[in-house]
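Letter by letter, the chains look like this.
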Amino acid sequence: QVQLVESGGGLVQAGGSLRLSCVSSARNFNNYAMGWFRQAPGKDRDFVSAINWNGRSTNYPDSVKGRFTIARDNAKNTVYLQMNSLKPEDTAVYYCAADRRRTAQAMTVGEYEYWGQGTQVTVSS
């Protein structure tokens with residue numbers, strides 16, 4: 001069983017930045033691709049970004065492309081999400097997730113095996 005713990009959420013004004021972190025308990029962290037999703041109240045959990053096992057391949061939806069950057073440090077069992085130019089519509093609970101297939105292609109909830117508990121991001125206008 002892999003445990004994922006997110007941190008770094010908070011309240012920020014529109015145009016501001018936040019960096020989320022997710023620490024994994026996996027003994028072989030580099031066996032997993034990692035992803036970030038978000039869920040606003042009353043809405044589905046949406047894909048935000050993914051990174052492959054070695055950090056050389058990433059994937060973003062158009063809604064965050066150019067504003068968000070995913071990165072990982074395999075020595076620290078940690079994946080990061082740098083969020084810049086935040087907008088009120090970015091407000092959501094952000095979740096990190098792990099995928100055994102190691103690529104950055106998984107973009108749906110069902111493709112990820114392990115999930116964190118989430119961290120709240122609130123962007124005020």
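So, how was this worked out
- Residues numbered from 1 in each chain as written.
- Predicted model: local features only at pLDDT ≥ 70, side-chain atom pairs only at ≥ 80, totals over all residues.
- Heavy atoms only, no water.
- Disulfide = S-S within 2.5 Å.
- Helix = DSSP H or I, 4+ residues; strand = E, 2+ residues; numbered from the N terminus.
- Buried < 20%, exposed > 50% of the residue type's maximum accessible area, 1.4 Å probe, protein only.
- Pairing = 2+ DSSP bridges.
- Axes fitted to C-alpha atoms, helices over the stretch in contact; angles between N-to-C directions.
- Core = buried A, V, L, I, M, F, W, Y, C linked by side-chain atoms within 4.5 Å.

Participant: Hey, could you go over the state of the cysteines for me, with residue numbers and the actual values?
Facilitator: Under the criterion given, the structure shown has 1 disulfide. Paired by a disulfide, Cys 22 and Cys 96 hold their sulfur atoms 1.9 Å apart. The sign of the S-S torsion, about 40°, decides the handedness of the disulfide formed by Cys 22 and Cys 96: right-handed. A residue pair is termed long-range when its members are at least 10 positions apart, and Cys 22 in strand S3 (residues 18-24) and Cys 96 in strand S9 (residues 92-99) qualify at 74 residues. Take Cys 96: its relative accessible area is 0%, and that puts it in the buried class.

Participant: Could you give an account of the sheet that holds strand S8 (residues 78-83), with specific residues and numbers?
Facilitator: Taken together, the 4 strands give an open sheet; going across it, the order is S1-S3-S8-S7, and neighbouring strands pair in antiparallel fashion. If you trace the sheet from one side to the other, it starts and ends with strand S1 (4-7) and strand S7 (68-73), each paired once. Put simply, the sheet's adjacent strands are angled 15° from each other on average, direction ignored. Pairing geometry for S3 and S8, over 6 bridges, is antiparallel. Bridge pairing links Ser 21 to Tyr 80 in S8.

Participant: Tell me about the pairing of strand S4 (residues 33-39), residues and numbers included.
Facilitator: Within S4, 6 of the 7 residues are buried, leaving the element largely enclosed by the surrounding structure. Counting the residues between successive antiparallel strands, the hairpin from S4 to strand S5 (residues 45-51) contains 5 residues, one of them, Gly 42, with a positive phi of roughly 75°.

Participant: Report on the nonpolar core, specifying residues and quantitative values.
Facilitator: Of all hydrophobic cores here, the largest spans 28 residues; its most connected members are Leu 4, Met 34, Trp 36, Phe 68, Leu 81, Met 83 and Tyr 94. When residues of this core are traced back to their parent elements, those giving at least two are S3, S4, S5, S7, S8, S9 and strand S11 (119-124). Per-element accounting of this core gives the leading share, 4 residues, to S9. Core analysis: the next-biggest nonpolar cluster, separate from the first, contains 7 residues, Ala 50, Ala 104, Ala 106 and Tyr 112 among them.

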